[in-house]
Amino acid sequence: AGSSPEDDVPPIPVSLSFMVPKKEINMVPDMGKWKRSQAYADYIGFILTLNEGVRGKKLTCEYKVSETVEKLMWLLNTLDRWIDETPPVDQPSRFGNKAYRSWYAKLDQEAETLVSAVIPQDRLAAAPEIALYLKEAVGNSTRIDYGTGHEAAFAAFLCCLCKIGALRVDDQLAIVFKVFDRYLEVMRKLQKTYRMEPAGSQGVWGLDDFQFLPFIWGSSQLIDHPTLEPRHFVDEKIVNENHLDYMFLECIKFINEMKTGPFAEHSNQLWNISAVPTWSKVNQGLIRMYRAE
């Protein structure tokens with residue numbers, strides 16, 4: 001009795017050391033090493049645990065919001081505010097506005113401080129390691145592009161916060177519905193404000209120019225929905241009526257805003273997915289596709 005939630009966090013063993021991550025996947029054979037690693041198992045396990053956690057639940061449902069989640073919202077709101085403070089510059093090129101580099105430079109400088117304000121004080125040694133994932137999660141400042149690799153870095157950032165005990169099992173819904181959803185809002189604002197290019201995009205054959213995980217978690221939310229079926233997400237009216245409850249439909253709404261022309265032409269993979277009979281099959285297929293990517 002009388003114990004606070006912090007009391008059940010295992011202390012970090014003295015022997016545990018942190019290191020700033022460096023790029024280890026440089027050539028095709030390195031992918032095999034990654035797939036066999038504990039890090040890969042932890043990362044995929046994290047994605048799948050959250051996938052189960054959000055199954056059949058709306059974004060607007062009730063869930064616990066811990067102090068760490070509140071601090072992460074503050075961090076993301078800070079990144080959002082910096083966009084407002086760093087307007088696009090006039091330049092001849094329509095895409096890749098160079099003001100993004102000024103915005104990114106601020107994050108590059110402040111990332112460790114931001115992370116240190118989120119994690120428990122006895123875990124501050126982890127800040128330099130975790131901060132690198134945050135810096136990798138917002139796009140590339142040289143190419144001014146953003147893609148699913150950057151999104152994966154944000155998921156890894158959240159996974160690291162779980163591993164050091166800053167986020168807990170009972171934060172699952174808040175991780176996806178509050179933190180990750182806010183992250184998506186900030187990334188969409190970045191993409192629109194600075195006209196960022198899609199990184200490593202497969203064009204019309206890719207699932208989406210920028211994101212992947214919200215389609216996985218968003219399809220899990222819709223499993224066993226009484227009325228919404230996969231065929232409905234190509235109907236703009238249904239999307240506009242339900243996007244506040246479902247991450248998948250939020251993504252479709254953003255595509256509809258950003259792209260012109262027939263949906264089947266600009267988003268062929270998603271058009272094909274709309275023909276899959278159940279959300280459960282959509283979810284399983286997307287997980288297979290994500291592993292392959």
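Read on for an overview of the structure.

Comments concerning the overall build of the protein
Then, number 1: Check the secondary structure of the protein and you find 13 helices and two strands.
Then, number 2: Taking 293 residues into account, the globule formula puts the C-alpha radius of gyration at 19 Å, and the protein, at 19 Å, falls close to it.
Then, number 3: Taken over the C-alpha atoms alone, the protein extends approximately 55 × 50 × 40 Å along its principal axes.
Then, number 4: Contacts spanning at least 24 positions in sequence make up 76% of the contacts within the protein whose residues lie at least 6 apart.

Topic: helix α7 (residues 172-193)
Then, number 1: In a regular helix each residue adds 1.5 Å, so 22 residues correspond to 32 Å; α7 covers 30 Å between its end C-alpha atoms and thus fits that length.
Then, number 2: Buried residues dominate α7, accounting for 16 of its 22 residues.
Then, number 3: Positive phi appears at R195, one or two residues downstream of α7, with a value of about 45°.

Some thoughts on the packing of aromatic side chains
Then, number 1: A full pass over the atoms with the stated rule returns 17 aromatic pairs.
Then, number 2: Ring centres of F154 and Y183 lie 3.9 Å apart, and the angle between their planes is 0°; this geometry places the pair in the stacked category. Here the residue F154 occupies a position in helix α6 (residues 148-163), and Y183 occupies one in helix α7, the gap between them amounting to 29 residues. A single burial state applies to F154 and to Y183, both of which are buried.
Then, number 3: Here F215 and F248 contribute two aromatic rings whose centre-to-centre distance is 5.3 Å and whose plane-to-plane angle is 90°, an arrangement assigned as edge-to-face. Within this pair, whereas F215 is found in helix α8 (residues 213-221), its partner F248 is found in helix α10 (residues 247-258), the two being separated by 33 residues in sequence.
Then, number 4: A residue is classified by how much of its surface remains accessible, and F248, at 0% relative accessible area, is buried.
Then, number 5: Among the aromatic residues, ring-to-ring pairing joins F154, F157, F180, Y183 and W217 into one connected group.

So, the pattern of salt bridges
Then, number 1: Following the criterion strictly, the structure yields 21 salt bridges and no others.
Then, number 2: Here D170 makes a salt bridge to K64, at a shortest N to O gap of 3.2 Å. Within this pair, whereas D170 is found in the loop between α6 and α7, its partner K64 is found in the loop between α2 (38-53) and α3 (67-85), the two being separated by 106 residues in sequence.
Then, number 3: Through salt bridges with shared partners, one network takes in D80, D84, R182, E185 and K189.

Examining the environment of G285
Then, number 1: Tracing the chain through its elements places G285 in helix α13 (residues 279-292).
Then, number 2: Under the relative-accessibility criterion, G285 is labelled partly exposed at 21%.
Then, number 3: Along the chain, G285 and R36 lie 249 residues apart, while their C-alpha atoms are 22 Å from each other.

Rules used throughout
- Counting restarts for each chain: residues are numbered from 1 in the order of the written sequence.
- With pLDDT at 70 or above as the cut-off, local features in this predicted model cover only qualifying residues; side-chain atom pairs require 80 or more to be listed or tallied, and sums for whole chains, interfaces and linings still use all residues.
- Water and hydrogen atoms were dropped before computing side-chain values, which therefore reflect all heavy atoms in the structure.
- Working definition: helices are DSSP H or I runs of at least four residues, strands are E runs of at least two. Numbering for both runs from the N terminus.
- We compute the radius of gyration over the C-alpha atoms and compare it with the globule rule, which gives 2.2 Å times the number of residues raised to the power 0.38.
- We call two residues contacting when some pair of their heavy atoms lies within 4.5 Å.
- The length a helix should cover is 1.5 Å for every residue beyond the first.
- Three exposure classes are used, based on accessible area relative to the maximum for each residue type with a 1.4 Å probe and protein chains only: buried under 20%, partly exposed in between, and exposed over 50%.
- Paired rings are identified among Phe, Tyr and Trp, the last through its six-membered ring, by centres lying within 6.5 Å, and are further divided according to the angle between planes into stacked (under 30 degrees), edge-to-face (over 60) and tilted (the rest).
- Salt-bridge detection follows one rule: a side-chain nitrogen of Lys or Arg within 4 Å of a carboxyl oxygen of Asp or Glu.

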